[in-house]
Amino acid sequence: MPMTGNKSMCLNSISQVLLTLLILHCLQCHSRPHSYDSKPLSEISKEIFKYSDIAQRIINLAVHGKAQNRSYERLAEFTDTIGNRVSGSKNLDLAIKYMYNALTQDRLENVHLEQVKIPHWVRGEESAVMLLPRNHTLAILGLGSSVGTPPGGIEAEVMVVESFEELQKRASEAKGKIVVYNQPFVSYGETVAYRASGASEAAKAGAVASLIRSVTPFSINSPHTGWQWYQPGVPQIPTACITVEDAQMMARMVRRGQRIVVRLTMGAQTLPDVDSYNTVAEITGSKHPEQVVLLSGHLDSWDVGQGAMDDGGGVAISWEALSLIRDLGLRPKRTLRTVLWSAEEPGGVGAAQYFQQHKANISNFDLVMESDLGTFSPLGLQFTGSDKARGIMKELMKLLAPINVTSLEEHGEGTDINMWMKAGVPGASLHTADQRYFWFHHSDGDTMSVQNPEEMNLCSAVWAVVAYVVADLEEMLPR
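Residues numbered from 1 in each chain as written. Predicted model: local features only at pLDDT ≥ 70, side-chain atom pairs only at ≥ 80, totals over all residues. Heavy atoms only, no water.

Which entries qualify depends on this criterion: UniProt positions are given in the numbering used here, feature names are shortened, and annotations may be inferred rather than shown by experiment.
The name given to the protein chain in an unreviewed UniProt entry is Carboxypeptidase Q, and the organism recorded there is Carassius auratus. What UniProt records for the protein chain under Subunit (unreviewed entry) is the sentence "Homodimer. The monomeric form is inactive while the homodimer is active."

So this is what it looks like as structure tokens:
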């Protein structure tokens, strides 16, 4: 029998399905950002240049307008109220509650806490006294995760070394002694190895304790603490930092052939991990709310000083950047998300858990930013990303010419964003005139007296301009 009518109906149905699929495909193509990979940098530069007026408005508000000195005043009130806030402490709990309430009162969006587990190390009472060749009290700070001494302390002869190599050559002399490292400061990245691994290296040679010359280029008899790590299978011995002056003095004494004896007493202990939170606030994106530009600093500090510089400044400008953008009534296409990390000092613990919690959405993270090397006078950004992304960021930095902050350097830094950058997400860290940073780092000297309101205004402007423009560009940064 003839099937002409049915065939015609089938063809019509197929045509309608194909037409529907074609329309859906076109809609998806239209809604999906075109790739910057194929667009010439000259065109992207023109797009970025259109943000000059907005950038200037942000700068004016932060540096000259109603928001002038706001980040400084916020930080001062926070640190004066809470003080230092070491991982696992009640002070860190208070700091998280303080910031949650402050961000909420500031009318930022989606303010919430994300739970993490963090280390809880307690310093306890500690002291060190030189008994020979003369009586002298050493200024010390126990290093994070150190074990304590027996209740009566440890009294032992001192062996001074300048390097790990010298310790290895003289290992037979170390048994039963307190090893004192008098390593010179080369750079933080190189010299911090003595703080991180000094105890285990000394223990391998049979030492009963280790004292590390503080990792700093400048000292006024100030010990500088920090986290240290015991190596698996190596005896765990007490370890603390001492001042540059005392380390150099003991080195001079042994060169004269004098015998040094020290009594070290430390009540340090590691308690079970505790619950804590990363603190989050946002400005939701208008077009691609699922895509994120992340700004950050870490809320924990050491248990000395006020933690104003490390990393109260980074916290303050990451909050202030959102406030500036909100105050101007701006809403970028993508979400701006400020995260205040918990437990950075023990090794980026809160940030590592955040990464695990959010890495399934890694394709939606456009740029991750961290400020954790001080909020002194800004010089530019350090950036990790593809060559094309770097070219775009160089063009973007030109928007900051009015405040002379146009430098884009290699290698974004930050314990809390490293895992994102290693996974291919573009990353940026604030670079400032930080020559004095390690003068105060992890010491009683890290107080609000280090901070300068005018410098913080500039840092806030940089942070806000970069975050806003990247979040509002037509396309995400290429990887």
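Now that the structure has been shown, the text picks up again.
## As for a nonpolar patch on the surface
Quick note on the threshold: For patch building, the residue pool is restricted to those with more than 30% relative accessible area and no salt bridge; the joining distance is 9 Å between like charges and 5 Å between nonpolar side chains (Val, Leu, Ile, Met, Phe, Trp, Tyr). Only the protein chains shown count as cover for residues, and all accessible areas are computed by the Shrake-Rupley method using a 1.4 Å probe. Each reported salt bridge corresponds to a side-chain nitrogen of Lys or Arg within 4 Å of a carboxyl oxygen of Asp or Glu. By definition, any uninterrupted DSSP run of H or I lasting at least four residues is a helix, any uninterrupted run of E lasting at least two residues is a strand, and each is numbered from the N terminus. We call a residue buried when its accessible area falls under 20% of the maximum for its residue type, exposed when it is over 50%, and partly exposed in between, using a 1.4 Å probe and counting protein chains only.
Where nonpolar side chains cluster on the molecular surface, the patch consists of Tyr 100, Leu 113 and Tyr 277 and spans about 230 Å² of accessible area. Residue placement: Leu 113 occurs in strand 1 (residues 109-122). Owing to a relative accessible area of 33%, Leu 113 belongs among the partly exposed residues under this scheme.

## A closer look at the packing of aromatic side chains
To be explicit about the condition: Put simply, two rings from Phe, Tyr or Trp (the six-membered ring, in Trp's case) pair if the centres are within 6.5 Å, and we call them stacked under 30 degrees between planes, edge-to-face over 60, tilted for the rest.
In total, this model carries 15 aromatic pairs according to the counting rule given. Centroid distance Phe 78 to Tyr 98: 5.2 Å. Interplanar angle 55°. Geometry classified as tilted. Within this pair, whereas Phe 78 is found in helix 4 (residues 70-82), its partner Tyr 98 is found in helix 5 (residues 90-105), the two being separated by 20 residues in sequence. Judged by relative accessible area, which is 1%, Phe 78 ranks as buried. On the basis of an interplanar angle of 85° and a centroid distance of 4.9 Å, the ring pair of Tyr 437 and Phe 438 is categorised as edge-to-face. The exposure class assigned to Phe 438 is buried, which follows from its relative accessible area of 15%. Through a chain of ring-to-ring contacts, three or more aromatic side chains come together here, namely Trp 341, Tyr 354, Phe 355, Phe 365 and Trp 420.

## What to know about the side chain of Lys 333
Rule in force here: In what follows, residue pairs with any heavy atoms lying within 4.5 Å of each other are defined as contacts.
Along the polypeptide, Lys 333 turns up in the loop between helix 9 (308-327) and strand 12 (334-341). If sequence neighbours within four positions are ignored, Lys 333 has contacts with Tyr 51, Gly 285, Ser 286, Lys 287, His 288, Pro 289, Ala 471, Asp 472, Leu 473 and Glu 474.

## A word on the nonpolar core
Going by this rule: For the purposes of this section, nonpolar cores are sets of buried Ala, Val, Leu, Ile, Met, Phe, Trp, Tyr and Cys residues that join through side-chain atoms within 4.5 Å.
Leu 367, Leu 381, Met 393 and Val 466 are the most contacted members of the largest nonpolar core, which totals 79 residues. Per-element tally for this core: the top contributor is helix 14 (residues 453-472), with 13 residues. If we skip the residues at most four places from it in the chain, Met 393 touches Leu 367, Leu 381, Phe 383, Leu 408, Val 466, Val 470 and Leu 477. In terms of nonpolar packing, the next biggest core, distinct from the first, is built from 49 residues, Val 161, Phe 164, Ala 209 and Val 304 among them.

## Focus: the sheet that holds strand 6 (residues 178-181)
Rule in force here: A pair of strands is considered paired only if DSSP assigns at least 2 bridges between the two. As a rule, the C-alpha atoms of each element are fitted with a line to give its axis, helices using only the stretch in contact, and angles between N-to-C directions run from 0 to 180 degrees.
In space, the eight strands of this open sheet follow the order 3-2-9-5-6-7-8-4, with mixed pairing throughout. Pairing within the sheet leaves two strands with one partner each, and these edge strands are strand 3 (136-138) and strand 4 (140-142). Direction aside, neighbouring strands of the sheet carry axes that sit 30° apart on average. Note that strand 2 (residues 126-132) and strand 9 (residues 261-266) share six bridges and pair antiparallel. Each residue of the ladder has a partner; that of Leu 132, found in strand 9, is Val 261.

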